[in-house]
Amino acid sequence: MDAEDFKTMLPQHLLPKRLLTELAGAFARRQGGALTQTAIRRFIARYGVNMAEAANPDPASYASFNDFFTRPLKDGARPLADATWICPVDGAISAFGPVKKDQVYQAKGHGYSTRTLVGGDAGLAAQFDDGHFATLYLSPKDYHRIHMPCAGTLREMIWVPGSLYSVNPATAKALPGLFAKNERVVCVFDTAHGPFVLVLVGATIVGSMATTWHGVVNPPRLKDVKRWTYENQSITLQQGQEMGRFLLGSTVVMLWPKSPLQFNPDWAPARPIRLGEAMATI
């Protein structure tokens, strides 16, 4: 670890990340009146949040910080491209490309295995050997609902316990295996193009993650991996339909099996992205 990486990671190693996250989550859920309104307005000013895109642009109308943070967009604010796979979030590209056998590239030469990412399930991970991946970062100012990049039928959800490091670009460069170290929710879908995994990665101050079929997945934060299966429930989501949300910002990682998938030629690391734009075609 070089000096710059050491400076990035030292405070994160020392800070009580779980305690800070639980306190932030409690504050974000609280309907705190004037205190909540002040926090929302300061957040908008600090991060340059574009409230003109929100279905309800009035900051004073949100009873809690979570209500504001997971605000819906106006109808038509994110038109869907005509593509096999559309971008599921607003944010920026962290990394994307081929899975090398079972290794996913992170940053600065770091990587991690698909098996670790999905919580240790070797059979599930093997379906994505030599496939493709994409990692998308949501900053605090971004819209924080996640939508389906392609129509899919839910097969399984796996909650994987882990750390709560920051997932910003500096930490991704400094900490090997970051996205397979942090707490995460692994969502497994069957699609017309084969199996697909969408992973919601937790982070410092991310109070919780939620899916539309389950609600809030965490807390509680358990010690062991927890699985839910849906093979008998026929939960199918259409392309562009909301599938989950972050209560405070984080990262999405996606896995595809080996196929002639081609990413949008305009895509590049650090490029800003918007929900609904073309992500990949087959």
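Note that the structure is predicted; figures quoted are calculated from it, not measured.

Digging into the overall build of the protein
Scanning the protein from N- to C-terminus turns up eight helices and 18 strands. Across the protein, contacts joining residues at least 24 apart in sequence account for 76% of those joining residues at least 6 apart. For the protein, the accessible area works out to roughly 12400 Å², and carbon and sulfur atoms hold 54% of it.

Focus: the sheet that holds strand 11 (residues 215-218)
Taken in spatial order, the four strands line up as 6-14-10-11 in an open sheet, and their pairing is antiparallel. At either margin of the open sheet sits one strand with a lone partner, and together these are strand 6 (145-147) and strand 11. Neighbour to neighbour, the strand axes of the sheet diverge by 25 degrees on average, direction disregarded. Judged from the three bridges that link them, strand 10 (residues 208-211) and strand 11 form a sheet pairing that is antiparallel. Paired with Thr 211 across the strands is Gly 215, a residue of strand 11.

A few points about the pattern of salt bridges
Tallying each qualifying case throughout the model produces 11 salt bridges. The salt bridge involving Arg 78 is made with Glu 53; its shortest N-O contact spans 2.9 Å. Placement of Arg 78 in the loop between helix 4 (65-69) and strand 1 (85-86) and of Glu 53 in the loop between helix 3 (34-47) and helix 4 is noted, with a sequence separation of 25 residues between them. Arg 78 gets classed as buried once you look at its relative accessible area, which sits at 11%. Arg 274 is the partner of Glu 53 in a salt bridge, and the nearest nitrogen-oxygen pair spans 3.4 Å. Linking Glu 53 in the loop between helix 3 and helix 4 with Arg 274 in the loop between strand 17 (272-273) and strand 18 (278-281), this pair joins segments that are 221 residues apart in sequence.

Focus on the packing of aromatic side chains
Applying the stated rule across the entire model yields 17 aromatic pairs. On the numbers, 5.9 Å between centres and 75 degrees between planes, the contact of Phe 43 with Phe 69 is edge-to-face. With Phe 43 in helix 3 and Phe 69 in helix 4, this residue pair connects regions lying 26 residues apart in the sequence. Of the residues examined, Phe 43 reaches a relative accessible area of 13% and is grouped as buried. Three or more aromatic residues joined by ring pairs form one cluster here, namely Trp 85, Phe 96, Phe 189, Phe 196, Trp 213, Tyr 230, Trp 256, Phe 263 and Trp 267.

Quick word on the environment of Thr 212
Note that Thr 212 resides in the loop between strand 10 and strand 11. For the pair Thr 212 and Leu 237, spaced 25 residues apart in sequence, the C-alpha separation works out to 9.9 Å. Beyond its immediate stretch of four places on either side in the chain, Thr 212 contacts Leu 237, Glu 242, Met 243 and Gly 244.

Some details on the environment of Leu 154
For Leu 154, the location among the structural elements is in strand 7 (residues 152-160). Linking Leu 154 and Asp 190, residues 36 residues apart in sequence, is a C-alpha distance of 6.5 Å. Those residues in contact with Leu 154 that lie beyond four places of it in its chain are Val 188, Phe 189, Trp 213, Tyr 230 and Ile 235.

A look at the confidence of the model for the protein
Keep in mind that low pLDDT regions are not for reading the predicted coordinates in detail. Considering every residue of the protein, the mean pLDDT works out to 86; 82% of them sit at 70 or more. Mean pLDDT values over the elements of the protein span from 60, in helix 2 (residues 17-29), up to 98, in strand 1.

So, the side chain of Arg 71
Mapped onto the fold, Arg 71 is located in the loop between helix 4 and strand 1. Excluding its chain neighbours within four sequence positions, the residues that come into contact with Arg 71 are Val 49, Met 51, Ala 54, Tyr 62, Lys 141, Asp 142, Tyr 143 and Arg 145.

Some remarks on the nonpolar core
If you look at soluble globular proteins, the nonpolar side chains tend to sit buried side by side. Residues Phe 189, Leu 200, Trp 213, Met 243, Met 254 and Trp 256 are the most contacted members of the largest nonpolar core, which totals 37 residues. Elements that contribute at least two residues to this core include exactly strand 5 (132-137), strand 7, strand 8 (184-191), strand 9 (194-201), strand 14 (242-247), strand 15 (251-256) and strand 18. Not counting the four nearest positions on each side in its chain, Trp 213 is found in contact with Leu 154, Met 157, Cys 187, Phe 189, Tyr 230, Ile 235, Leu 237 and Met 243. Residues Ala 95, Phe 128, Phe 179 and Leu 255 belong to the second largest nonpolar core, which totals 23 residues.

Observations concerning the sheet that holds strand 1
Here three strands make up an open sheet; going across it, the order is 1-18-16 and the pairing antiparallel. Because the sheet does not close on itself, it has two edges, and the strands there are strand 1 and strand 16 (262-263). In this sheet, strand 18 lies alongside strand 16 in antiparallel orientation, the contact comprising two bridges. If you follow Phe 263 over to strand 18, its bridge partner there is Ala 280.

Details of unusual backbone geometry
Located in the positive-phi region is Ser 234, a residue other than glycine, with phi close to 50 degrees. With respect to the helices and strands, Ser 234 occurs in the loop between strand 12 (226-229) and strand 13 (236-237). One non-glycine residue, Ala 270, adopts positive backbone phi at about 80 degrees. Structurally, Ala 270 is set in the loop between strand 16 and strand 17.

Rules used in this analysis
- Residues numbered from 1 in each chain as written.
- Predicted model: local features only at pLDDT ≥ 70, side-chain atom pairs only at ≥ 80, totals over all residues.
- Heavy atoms only, no water.
- Helix = DSSP H or I, 4+ residues; strand = E, 2+ residues; numbered from the N terminus.
- Contact = heavy atoms within 4.5 Å.
- Areas by Shrake-Rupley, 256 points an atom, 1.4 Å probe, with all protein chains shown as cover.
- Pairing = 2+ DSSP bridges.
- Axes fitted to C-alpha atoms, helices over the stretch in contact; angles between N-to-C directions.
- Salt bridge = Lys/Arg side-chain N within 4 Å of Asp/Glu carboxyl O.
- Buried < 20%, exposed > 50% of the residue type's maximum accessible area, 1.4 Å probe, protein only.
- Phe/Tyr/Trp six-rings, centres within 6.5 Å; stacked < 30°, edge-to-face > 60°.
- pLDDT = per-residue confidence, 0-100.
- Core = buried A, V, L, I, M, F, W, Y, C linked by side-chain atoms within 4.5 Å.

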